[in-house]
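# Inside the fold
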Protein chains: 2
Amino acid sequence: MSRWKPDGRGRLEKAALELYNHKGFEATTVAEIAGRAGLTERTFYRHFADKRAVLFPSDNPLPAILADATASAPVPLPPLEVVTHALIEAAPVYEEREDLVRQRQAVIAANPELQERELAKLAALAATLTQALRERGLDTTTAALAAEIGIAAFKVAYERWINDPDEHTLAQHIRETLDTAKHLTTPAEHAAATDNVSFTGQQGTA
Amino acid sequence: MSRWKPDGRGRLEKAALELYNHKGFEATTVAEIAGRAGLTERTFYRHFADKRAVLFPSDNPLPAILADATASAPVPLPPLEVVTHALIEAAPVYEEREDLVRQRQAVIAANPELQERELAKLAALAATLTQALRERGLDTTTAALAAEIGIAAFKVAYERWINDPDEHTLAQHIRETLDTAKHLTTPAEHAAATDNVSFTGQQGTA
DNA sequence: GTCCTGATGTCAGTTCGTGACATCACTGTA
DNA sequence: TACAGTGATGTCACGAACTGACATCAGGAC
């Protein structure tokens, strides 16, 4: 028989997610994770760069999907439509793993360190999109702007998807959010649509 | 005479920036910073939450400026114009400290950990903007979207300002970038403006 | 069979970050 | 003038995050 139980990496991922959920990210030590997976701390660091990386898989398919979708979009499409197309192509990656994504998101939402890492990952996706748009012939600024705005809209759409359970698909939220974005420069009835203004008194100057 | 030299915090900030510049962020230990400032490591942590915080001042005036400018903008303005107005109001904070800002940015650009923190700070600004927009009567989604798009555009404008020395002011870059954003959904001559397409072959799948 | 490879273990060390307690110039007050 | 209180700092001890160097040893290649 084999010298070790198979898929050490998978066991570490599973153990980490369980512990992060059960007792919180900060309160969980790497030694605990490794122990639960039947491995040592040192081995954890052979699979993951740090304690946070275990939640951010390195075999992430999103960059490739975004790059391919951007490259293959019809040529006459305006930049933000290309980005919208690419993001909708990527949506199934989330939708197909909904349970895991939600569990993961709950852990991230509870910890600022993990939120930082999440933002970094999104920024990396924006960089991927930027490069792919440049390869379509866009100048650097336009490419970067379309990419960053696309990711900005994705953030909002993703949060809505997470918070409005099975109301819509993520792809639908992305489509709707980017449609909303188009009207942000017209002086329509944006103001005081309803009176549900929250007078909390705090300014959120964190 | 006083028991200690005055402005320990300031000395720590100065020492940290010098060392981060000179030998890099990672290679600099907190003990070194404290030593150079004539203090101890423990005292460093009384002034700053961690090694990175020394580059991100806690008395940051930006949230208040953005919140105030958002609250005081003319009512009939479309959401993205309100955000543009607020960002331009905030620009002098950077422009007035240009030397320090550039030095700080060089350090951040050289280190992923610091880039993460920078992204987190920008996300906090987006949250501040979102709240201020909601208090103007915008619904949550529109507010969040306008705020995130504004910050996305700010990122691009800021990077252009940093890289194009004294070409334009930051405020001008912000204005131009957000003007560009308005045309991102129209199928104009975005494609192949010139032939400076870079065929690097790599997909940037980091 | 022997050699090599690769995933893991062991161990020692550095650095980050924190809690607990000590010090002592300065400040106010009787 | 004495004396208590305050606050910025120092000292010490410690847990936990990472890392480099070397050891182990099943299984596959030849």
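Within each chain, residues carry numbers counting from 1 in the order of the written sequence. Labels follow written order: the first chain is A, the first ligand is 1, and so on. Residue-level local features of this predicted model are given only where pLDDT is at least 70; pairs of side-chain atoms are given and counted only at 80 or more, and the full residue set underlies all totals for whole chains, interfaces and linings. Based on all heavy atoms of the structure, the side-chain values leave hydrogens and waters out of the count.

Per an unreviewed UniProt entry, the recorded name for chain A is TetR family transcriptional regulator, and the organism is Arthrobacter terricola.

### With respect to the UniProt feature "DNA-binding region" (unreviewed entry) in chain A
UniProt positions are given in the numbering used here, feature names are shortened, and annotations may be inferred rather than shown by experiment. Look at the UniProt record and you will see "DNA-binding region" (unreviewed entry) annotated at residues 29-48 of chain A. Comment: elements are numbered from the N terminus, with helices defined as DSSP H or I runs of at least four residues and strands as E runs of at least two. Annotation note: span residues 29-48 of chain A, helix share 70%, strand share 0%, distance between end C-alpha atoms 14 Å.

### Focus: the pattern of salt bridges
By definition here, a salt bridge exists when the distance from a side-chain nitrogen of Lys or Arg to a carboxyl oxygen of Asp or Glu is within 4 Å. With the rule as written, the count across this model stands at 26 salt bridges over all chains. One salt bridge connects Glu32 of chain A with Lys23 of chain A, and the closest N-O pair in it is separated by 2.6 Å. Burial classes follow relative accessibility: with a 1.4 Å probe on protein chains only, a residue under 20% of its type's maximum area counts as buried, one over 50% as exposed, and anything between as partly exposed. For Glu32 of chain A, a relative accessible area of 29% translates into the label partly exposed. With a closest N to O distance of 2.4 Å, Arg36 of chain B and Glu18 of chain B form a salt bridge. Of this pair, Arg36 of chain B sits in helix α2 (residues 30-36) while Glu18 of chain B is found in helix α1 (residues 8-23), placing the two residues 18 residues apart along the sequence. Classification of Glu18 of chain B by relative accessible area gives partly exposed; the value is 27%. One connected set of salt bridges, linked through shared partners, spans Asp50, Arg52 and Arg117 of chain A together with Glu116 of chain B.

### Digging into the environment of Asp7 of chain B
Residues and elements named next belong to chain B. One can find Asp7 in the segment before α1. Taking the C-alpha atoms as reference points, Asp7 and Ala53, 46 residues apart in sequence, are found 17 Å from one another. Within 3.5 Å is the distance limit for a polar contact, defined as a pair of N or O atoms, with the added protein rule that one can donate a hydrogen and the other accept it, and that residues adjacent in sequence qualify only through two side-chain atoms. At a separation of 3.1 Å, a polar atom in the side chain of Asp7 contacts the main-chain amide nitrogen of Gly10.

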